[in-house]
Amino acid sequence: MKVRVDQKLCVGHGRCYELAPEVYDEDERGHCRLVASSVAPELVASAQRGAVNCPEHAIRVEEEVDP
Ligand code: SF4
């Protein structure tokens, strides 16, 4: 799975990296930074937990599409 964060929407509540620090981290402004954009199968639930708890709907967890 692929995770994307829309930095235009992220305001730095920090819920994503507090709930799923194995997927999300914070930058120097407290905004979300991905640990890795590609998520291993065992971390998909964590990625989705962060996404559904983002008040700004800034996170998308999507299937990776082969080129
Ligand atoms: S929960 Fe949403 S708004 Fe808050 S830091 Fe994470 S991505 Fe940004």
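Right above here is the structure, for reference.
Not measured: the values here are computed from a predicted model.

Conventions used here
Residues numbered from 1 in each chain as written. Predicted model: local features only at pLDDT ≥ 70, side-chain atom pairs only at ≥ 80, totals over all residues. Helix = DSSP H or I, 4+ residues; strand = E, 2+ residues; numbered from the N terminus. Rg over C-alpha atoms; globule rule 2.2 N^0.38 Å. Near = placed C-beta within 6 Å. Nonpolar A, V, L, I, M, F, W, Y, C, P; charged D, E, K, R; others polar. Core = buried A, V, L, I, M, F, W, Y, C linked by C-beta atoms within 7 Å. Buried ≥ 20, exposed ≤ 12 C-beta atoms within 10 Å, placed from the backbone. Contact = placed C-beta atoms within 7 Å. Pairing = 2+ DSSP bridges.

Chemist: When you look at the overall build of the chain in this model, what are you seeing that I'm missing?
Modeler: Scanning the chain for helices and strands turns up two helices and four strands. The order of α-helices and β-strands along the chain, N terminus first, is β-α-β-β-α-β. Taking 2.2 N^0.38 as the reference for a compact globule, 67 residues should give roughly 11 Å; the C-alpha atoms of the chain span a radius of gyration of 11 Å, in line with that estimate. Expressed as lengths along the three principal axes of its C-alpha atoms, the size of the chain is roughly 35 × 20 × 20 Å.

Chemist: Quick question: what am I supposed to make of the site of the ligand here?
Modeler: In the vicinity of the ligand lie 14 residues, with Cys 10, His 13, Cys 16, Cys 32 and Cys 54 positioned nearest. Tallied by class, residues from the shell around the ligand come to eight nonpolar, four polar and two charged.

Chemist: Explain unusual backbone geometry to me, please; I cannot follow it from the model alone.
Modeler: With glycine set apart, most residues show a phi of negative sign, and most peptide bonds adopt trans. In this model, His 57 sits at a positive phi of 55°, which is unusual for a non-glycine residue. Inspection of the secondary structure puts His 57 in the loop between helix H2 (44–52) and strand E4 (59–62).

Chemist: Please clarify how the environment of Leu 9 should be interpreted in this entry.
Modeler: Topologically, Leu 9 is positioned in the loop between strand E1 (2–5) and helix H1 (15–19). Considered as a pair, Leu 9 and His 57 are 48 residues apart in the sequence and their alpha carbons are 7.5 Å apart.

Chemist: What is the right way to read the nonpolar core from this model?
Modeler: The nonpolar side chains of a soluble globular protein tend to be buried, and buried together. Core analysis: the largest hydrophobic core is formed by 15 residues, its most contacted members being Cys 16, Val 23, Tyr 24, Cys 32, Ala 47 and Ile 59. Secondary structure elements with two or more residues in this core: E1, H1 and H2. Setting aside anything within four residues of it in sequence, one finds Cys 32 in contact with Val 5, Cys 10, Cys 16, Tyr 17, Tyr 24 and Glu 26.

Chemist: What is the right way to read the pairing of E1 from this model?
Modeler: Within a regular strand, the side chains alternate between the two sheet faces. Residue alternation in E1 divides its side chains into a buried set, Val 3 and Val 5, and an unburied set, Lys 2 and Arg 4. Looking at chain direction, E1 and E4 are connected through four bridges and run antiparallel. Bridged to Val 3 within E4 is Val 61.

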